[in-house]
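Survey of secondary and tertiary structure
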Amino acid sequence: MAGALNRMDVAVLPVSWTLPPEAGGSWSPALSPDGGHCAYVSDRGGRPQVWVQPVGSDLAFLVDTGPAAVVGVQWSSGGGWLACELAPGGAPRHEVWLVRPDGSELHQVAGFDADTAGNMRWLPGRSLLAVTENLATARLVDPVAGSRTVVAKGRLISLLDVADDRALLRLGPRGARRIVVRDLRSGEDTPVALGEQAVFAPDGSVYARSEAGEFPALIRVAPDGGVQVVAAAARAEVEAFALVPDGSAVAVLWNVRGGESEVELIDLPAGTRRRVTPRPGTVVSDIGWSFDGSGLAFAAEGPGQPYGVWVHSGEQVRAVSAAPAAAGSVPPTLETFPGHDGLELSGWLFRPAGDGPHPAVIWLHGGPEAQERPGHSPLFQALVRAGIAVFAANVRGSSGFGKTFVNADNGALRYAAIEDVRSCVRYLIDSEVADGSRVGCMGRSYGGYLTLAALTTFPELFAVGVDICGMSNFATFYQFTEPWIAAAAVSKYGDPVTDADLLRDLSPLTHIDRLRAPLLIVHGENDSNVPVIEAAQVAAALAERDVPHRYLLFAGEGHELLNSTSRAEFLHETVEWLTRYLRPEPDRKGF
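Below is a short write-up of the structure. (Residues numbered from 1 in each chain as written. Predicted model: local features only at pLDDT ≥ 70, side-chain atom pairs only at ≥ 80, totals over all residues. Heavy atoms only, no water.)

1. Describing unusual backbone geometry
The step from Thr-277 to Pro-278 runs through a cis peptide bond, and the omega angle for that step is -5 degrees. Positionally, Pro-278 belongs in the loop between strand 25 (273-275) and strand 26 (283-289). Cis geometry is found at the peptide bond from Gly-367 to Pro-368, where omega equals 5 degrees. Looking at the element boundaries, Pro-368 is found in the loop between strand 32 (358-364) and helix 2 (378-385). (Helix = DSSP H or I, 4+ residues; strand = E, 2+ residues; numbered from the N terminus.)

See the structure below:
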């Protein structure tokens, strides 16, 4: 391994250099089988690329996979291959490419032409890669034989694992997914759990993140069908887990205290538990073991601290590629308050220095089955430095707060989620955080939709808005988004045919005459998740009505801005737009 890496000395960089403020950092860690090296994705070079680094060294080696941004990497259990998930043009359509850790033999294995591929998983102890295309075709890729074998086909299907003549499949739309074991000889399905993550253990049992209860738990389903609860809590969620390939231990990633993370290691034969300490960031993701179980890799971030890659081995937590939090970064506080109907809402408040009330902006996350957490946001930190409070809200429909809460905005219940935005404004004003005459609203993806919905439903509340790749018309969204995205979204938003009247009324474009706040519209031209027509028709409608707006369209980007130049421009333009309307020039003295 070391000899192969030395051939890459033209692409060696120290990992301690300073990251630009808009950088995401390093994420998607994947350990070599013996835990001695770590592959990960980093945008330290201006766009997300694959790097390989010896654990304990400060030198990183670039693995060139071409011009497309990389969103994930996994190391084969035999050590001979890296599987890389690429996003050509920044679009939601993904491709899977294989490459040797020394950068040789790069070739594509999934996501050809118009297909999209994802959910990569190397089968333990075998050079077989499980992938899913278009949420319709489950495949096993054999890089030695050069074959692509179809394991299963179906609507809204995803391959999780394969063991002998059994496959673990995830079936169904968003919010209603279930896991089954399919006998590949008979085609018969055996239910395992409601949820999205599961793996086979060496003894033939299944470990699954079960969403049957109010809060997701980790269960073990024995070959005879018996169910054992491995990890569960009354007010915390099992967010993800990683099973050691030999089945001896499991790492559990917990979502606690409104969005903070904890990692717990469970010795399965002994039943003993211990937490991974120190925790190098408030939010942890991407947990995964080396094949021999000697190391657990994960990504961690915090306020002002970009994603970094870390490895826990023995009793030690070591940084592989991690930047410290920027000096002067403001940590948020978790705020809770009742909604209009008494439902408890929450959010993370980034407060500027000095006494309030301040100009303030509400941030609404995507999903909606996602969660605002106390992680890294260059935008929030820049706004706080400019004297603008940021309230990153978790309205109903957010994950992290139980099944009832995440489903509380489905279909016609979405009106209540829109009302939650007004409750956020009231809370900020009543608590003297916000100046009621200077409140803005912004959000991304579903949060962009909710921003538009709030601006058209409560136009009197907002002085400015920022819509980042949000849906404006459910009819055009369903018509032009990717087919598998549309099919999976019906359970959350409604059916475009049978619920057409509901979706028309919930579409901000239907009520665009009510929008009067100056609006910055941001979109990637290659976005096929929320197609660019969603932004274009808002810009056209506002131009027709002489509403102040700006349309910022990023070439070569998709649903997310993956290149550092795009992210830097977005950061600058968004801060300028919000300060223009929330902190006019005479009000900016001292900032």
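2. Side note on the nonpolar core
Ranked by internal contacts, the top residues of the largest apolar core, which has 60 residues, are Tyr-449, Phe-462, Phe-474, Phe-477 and Tyr-493. The residues touching Phe-474, leaving out its near neighbours within four places in the chain, are Tyr-449, Tyr-493, Leu-503, Leu-506 and Ser-507. Counting 28 residues, the second-largest nonpolar core is a separate cluster that includes Val-361, Ala-392, Met-442 and Val-466. (Core = buried A, V, L, I, M, F, W, Y, C linked by side-chain atoms within 4.5 Å. Buried < 20%, exposed > 50% of the residue type's maximum accessible area, 1.4 Å probe, protein only. Contact = heavy atoms within 4.5 Å.)

3. What to know about the packing of aromatic side chains
Evaluated as defined, the whole model comprises 13 aromatic pairs. Here Tyr-446 and Tyr-493 contribute two aromatic rings whose centre-to-centre distance is 6.3 Å and whose plane-to-plane angle is 15 degrees, an arrangement assigned as stacked. Note that Tyr-446 is positioned in helix 5 (residues 446-457) and Tyr-493 in helix 7 (residues 483-493), a separation of 47 residues in sequence. Each member of the pair, Tyr-446 as well as Tyr-493, carries the same accessibility label: buried. Every member of this aromatic cluster is reached through a ring pair, and the members are Tyr-446, Tyr-449, Phe-474, Phe-477, Tyr-478 and Tyr-493. The positively charged end of Arg-100 is found above the aromatic ring belonging to Trp-81, 3.8 Å away from the centroid. (Phe/Tyr/Trp six-rings, centres within 6.5 Å; stacked < 30°, edge-to-face > 60°. Lys NZ or Arg CZ within 6 Å of the ring centre and 35° of its normal.)

4. Focus on the pattern of salt bridges
The full count for this structure, using the stated rule, is 32 salt bridges. A salt bridge links Arg-274 to Glu-315; the nearest nitrogen and oxygen atoms lie 3.4 Å apart. Of this pair, Arg-274 sits in strand 25 while Glu-315 sits in the loop between strand 28 (305-313) and strand 29 (316-321); the two residues are 41 residues apart in sequence, bridging distant segments of the chain. By relative accessible area, which is 36% here, Arg-274 ends up partly exposed. Residue classification places Glu-315 among the exposed residues on the basis of a relative accessible area of 65%. Between Arg-438 and Asp-435 there is a salt bridge, and its shortest N-O distance comes to 3.0 Å. (Salt bridge = Lys/Arg side-chain N within 4 Å of Asp/Glu carboxyl O.)

5. Brief notes about helix 2
Helix 2 sits mainly inside the fold: seven of its eight residues count as buried. Of the residues making up helix 2, those classed as buried are Pro-378, Leu-379, Phe-380, Gln-381, Ala-382, Leu-383 and Val-384. Among the structural elements, strand 31 (344-350), strand 32, strand 33 (389-394), strand 34 (434-444) and helix 10 (564-582) are those in contact with the buried residues of helix 2. Positive phi appears at Gly-387, one or two residues downstream of helix 2, with a value of about 90 degrees.

6. Section: the sheet that holds strand 6 (residues 69-75)
Taken in spatial order, the four strands make up an open sheet running 6-7-8-9, and their pairing is antiparallel. Here the strands that pair on one side only, and so sit at the sheet edges, are strand 6 and strand 9 (107-110). With strand direction ignored, the average angle separating the axes of adjacent strands in the sheet is 35 degrees. Across five bridges, strand 7 (residues 82-87) lies against strand 8 (residues 95-99) in antiparallel orientation. Bridge pairing links Glu-85 to Val-96 in strand 8. (Pairing = 2+ DSSP bridges. Axes fitted to C-alpha atoms, helices over the stretch in contact; angles between N-to-C directions.)

7. Quick word on the side chain of Arg-373
Position of Arg-373 among the secondary structure elements: in the loop between strand 32 and helix 2. Given the relative accessible area of 15%, Arg-373 is considered buried. A distance of 2.7 Å separates the side chain of Arg-373 from the backbone oxygen of Gly-259, its partner in a polar contact. When sequence neighbours within four positions are dropped, the list of residues in contact with Arg-373 reads Glu-239, Asn-255, Gly-259, Glu-260, Ser-261, Val-283 and Trp-348. (Polar contact = N/O pair within 3.5 Å; in protein donor to acceptor, adjacent residues only side chain to side chain.)

8. Looking at the sheet that holds strand 20 (residues 217-221)
Here we have four strands laid out as an open sheet, ordered 18-19-20-21, and antiparallel in their pairing. Whereas interior strands pair on both sides, the edge strands pair on one side only; in this sheet they are strand 18 (198-200) and strand 21 (227-231). Within this sheet the neighbouring strands show an average axis-to-axis angle of 25 degrees, counted without direction. The pairing of strand 18 with strand 19 (residues 206-210) spans three bridges and is antiparallel. Within the sheet, the bridge partner assigned to Phe-200 lies in strand 19 and is Val-206.

9. Examining empty space enclosed by the protein
Tallied over the entire structure, the rule returns one cavity of 30 Å³ or more. Looking at the largest cavity, its volume works out to about 30 Å³. Lining the largest cavity are Leu-364, His-365, Pro-368, Val-395, Arg-396, Gly-397, Ser-398, Tyr-446 and Leu-450. Its residues placed into classes, the lining of the largest cavity shows five nonpolar, three polar and one charged. (1 Å grid on protein atoms, 1.4 Å probe; cavity = no way out; pocket = protein on both sides within 12 Å on 5 of 7 lines; lining within 4 Å. Points joined across faces, edges and corners; volume = space filled by probe spheres on them. Nonpolar A, V, L, I, M, F, W, Y, C, P; charged D, E, K, R; others polar.)

10. Describing the pairing of strand 29
With five bridges connecting them, strand 28 and strand 29 associate as antiparallel partners. When the bridges of strand 29 are listed, Ser-313 appears paired with Gln-316. Hairpin connection between strand 28 and strand 29: a loop of two residues separates the two successive antiparallel strands, and Gly-314 in this loop has a positive phi of roughly 65 degrees.

11. What to know about the environment of Val-433
Along the chain, Val-433 turns up in the loop between helix 4 (414-430) and strand 34. Residue Val-433 is classed as buried on the basis of its relative accessible area of 2%. If sequence neighbours within four positions are ignored, Val-433 has contacts with Leu-349, Arg-351, Pro-357, His-358, Ala-389 and Leu-428.

12. Looking at the environment of Arg-148
For Arg-148, the location among the structural elements is in strand 13 (residues 147-153). Once the C-alpha coordinates of Arg-148 and Leu-553 are considered, the two residues, 405 residues apart in sequence, prove to be 38 Å apart. Reaching out from Arg-148, the side chain makes a polar contact with the backbone oxygen of Val-109 at a distance of 2.9 Å. A polar atom in the side chain of Arg-148 sits 3.2 Å from the side chain of Glu-133.

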